[in-house]
Amino acid sequence: KLFRAMDALGLVFVDSRTTAETKAPDVAARLGKRLLQRDIFLDNDINVKDIKKQLRLAIDRSKERGFAIAIGHPHKETFEAISGSLKALSEVEVVYLKDL
């Protein structure tokens, strides 16, 4: 029901993969939907240094594969790390999920 509702609203579902028992791949396959999944979780450790390290991993993955999905929370440290990584982020094109 969630996939259908999101389709109707023009929204994109992204599996955050917070559990190994995620059901999203099975549901997407059954519905014939493309499944977007996060590649990098930015702020498992909520400190600027580690978040910047995760951003670097996302940038490198994007260069290798053509895109990467990084997700995080709206923590002060996450915003600070992103703001402090603008030069590195300019190495890739940051886009909306709907454009992947």
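No experiment lies behind these values; they were computed from the predicted model shown.

Quick notes on the rules
- Residues numbered from 1 in each chain as written.
- Predicted model: local features only at pLDDT ≥ 70, side-chain atom pairs only at ≥ 80, totals over all residues.
- Heavy atoms only, no water.
- Helix = DSSP H or I, 4+ residues; strand = E, 2+ residues; numbered from the N terminus.
- Buried < 20%, exposed > 50% of the residue type's maximum accessible area, 1.4 Å probe, protein only.
- Core = buried A, V, L, I, M, F, W, Y, C linked by side-chain atoms within 4.5 Å.
- Contact = heavy atoms within 4.5 Å.
- 1 Å grid on protein atoms, 1.4 Å probe; cavity = no way out; pocket = protein on both sides within 12 Å on 5 of 7 lines; lining within 4 Å.
- Points joined across faces, edges and corners; volume = space filled by probe spheres on them.
- Nonpolar A, V, L, I, M, F, W, Y, C, P; charged D, E, K, R; others polar.

Engineer: Hey, could you go over unusual backbone geometry for me, with residue numbers and the actual values?
Structural biologist: Although it is not a glycine, R17 adopts a positive phi angle of roughly 55°. Position of R17 relative to the elements: it lies in the loop between strand 1 (14–15) and helix 2 (24–31). With a relative accessible area of 29%, R17 lands in the partly exposed category.

Engineer: With reference to specific residues and values, describe the nonpolar core.
Structural biologist: Within the largest apolar cluster, eight residues are counted, these being I40, L42, I51, L55, A58, I59, A81 and L89. No other element matches helix 3 (residues 48–65), which puts four residues into this core. Residue contacts for I51: discarding those within four places in its chain leaves L42, D43, D45, I46, E77, T78 and A81.

Engineer: Describe in detail the layout of surface pockets, supporting the description with residues and values.
Structural biologist: The computed volume of the largest pocket comes to approximately 670 Å³. Those elements that place two or more of their residues in the lining of the largest pocket are helix 3, strand 4 (70–71) and helix 4 (76–83). Of the residues forming the lining of the largest pocket, the biggest block, four residues, is contributed by helix 3. The residue makeup of the lining of the largest pocket, split by class, is 18 nonpolar, five polar and one charged. If you add up the space inside the second largest pocket, you get close to 190 Å³. Residue lining of the second largest pocket: F3, M6, D7, L11, V12, F13, K33, R34, L36, L97, K98 and L100, and that is the complete set. For the lining of the second largest pocket, the element with the most residues is helix 1 (residues 2–9), which contributes three residues. Residue composition of the lining of the second largest pocket, by class: eight nonpolar, no polar and four charged.

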